[in-house]
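# Understanding the architecture of this molecule
Listed below are the residues making up each chain.
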Amino acid sequence: MKEYSECSKCGFVGVANYDAFEPAIIQCTNCEHVYSYIWCEKCGIGGDFISNFDEKPDSWSCSDCNTTISIPYNTYLRNRKLKAPLEHEYEEVGVPRENPSESNVAFYVVIILVIMVILYIYDLGV
Ligand SMILES: [Zn+2]
Ligand SMILES: [Zn+2]
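Per-chain numbering applies: the sequence of each chain, read as written, is numbered from 1 onward. Key to labels: chains lettered from A, ligands numbered from 1, both in the order written. In view of the model being predicted, local features appear only for residues whose pLDDT reaches at least 70, and side-chain atom pairs are presented and counted only at 80 or more, with totals across whole chains, interfaces and linings using the full set of residues.

### Description of the domain arrangement of the chain
For the chain, the assigned domains are domain 1 (2–95) and domain 2 (98–126). Annotation comment: domain bounds sourced from an automatic or database domain assignment. Taking only C-alpha atoms, the centre of domain 1 and the centre of domain 2 are 41 Å apart.

Here is the structure:
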């Protein structure tokens, strides 16, 4: 199963083969960082929660709701590679497009700067 994930170190958003409801160890192909992924059913959130996965713990307790989730040993046998999404995977896996609003923000910043410069020049002229 393919899911998207965000590297907890460099913020790279990619696609890896794992099940969103199962624990996984994910390796970012952008920065080589290895991190964990675990899902708390009760809280309905998933994230890089297993901090000591080098020790291969067989369970994890959610700090918010105290639910204990067992981590199968085979979770540690393979690092899921977090790769750049292929074009069709954006739709298929639901990968968020990289901040589509960011270019708009940049656009408005430029407009505001231009207005400020104009006002400044106008001010000097007066
Ligand atoms: Zn990374
Ligand atoms: Zn929880």
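### A closer look at the environment of Ile-45
Secondary structure elements follow DSSP: runs of H or I of four or more residues count as helices, runs of E of two or more count as strands, with numbering from the N terminus. Along the chain, the position of Ile-45 falls in strand β5 (residues 45–47). Since 12 C-beta atoms lie within 10 Å of it, Ile-45 is described here as exposed. Taking C-alpha positions, Ile-45 is 20 Å from Val-34, a pair spaced 11 residues apart along the chain. Here a residue counts as buried when 20 or more other C-beta atoms fall within 10 Å of its C-beta, as exposed when 12 or fewer do, and as partly exposed in between; the C-beta atoms come from the backbone.

### Concerning the environment of Phe-49
Tracing the sequence through the fold places Phe-49 in the loop between β5 and β6 (59–61). In this structure Phe-49 comes out as partly exposed when scored by C-beta crowding, with 19 C-beta atoms within 10 Å. Counting along the chain gives 15 residues from Phe-49 to Val-34, while the straight-line C-alpha distance between them is 12 Å.

### Side note on the pairing of strand β4 (residues 34–40)
Any two strands with at least two DSSP-identified bridges between them are counted as paired. Examined bridge by bridge, strand β3 (residues 24–28) and β4 share 4 bridges and lie antiparallel to one another. Note on β4: the bridge partner recorded for Ala-24 is Tyr-37. Linking two consecutive strands that pair antiparallel, namely β3 and β4, is a turn of 5 residues; a positive phi of about 70° is found at Glu-32 within it. As judged from the 3 bridges shared by β4 and β5, these two strands associate in the antiparallel manner. In the sheet register, Cys-40 faces β5, and the bridge partner there is Ile-45. The antiparallel hairpin formed by β4 and β5 contains 4 residues in its connecting segment, where Gly-44 sits at a positive phi of about 70°.

### A look at the sheet that holds strand β8 (residues 79–82)
Picture the strands of a sheet paired through backbone hydrogen bonds; they go either parallel or antiparallel. One open sheet accounts for 4 strands, arranged β5-β4-β3-β8; its pairing is mixed. Looking at which strands have only one partner, the edges of the open sheet turn out to be β5 and β8. Strand-to-strand twist of the sheet, defined as the mean angle between neighbouring strand axes without regard to direction, takes the value 30°. Inter-axis angles, ranging from 0 to 180 degrees, are taken between N-to-C directions of lines fitted to C-alpha atoms, where helices are fitted over the stretch in contact.

### Points about the environment of Gly-11
Looking at where Gly-11 falls in the secondary structure, it is placed in the loop between β1 (2–6) and β2 (13–17). C-alpha separation for the pair Gly-11 and Cys-28, spaced 17 residues apart in sequence, amounts to 9.5 Å.

### Looking at the pairing of β1
Burial along β1 is one-sided: Glu-3 and Ser-5 are buried, and none of Lys-2, Tyr-4 and Glu-6, which face the opposite way, are. Here 5 bridges tie β1 to β2, and the two strands are oriented antiparallel to one another. The partner of Glu-3 across the bridge, within β2, is Ala-16.

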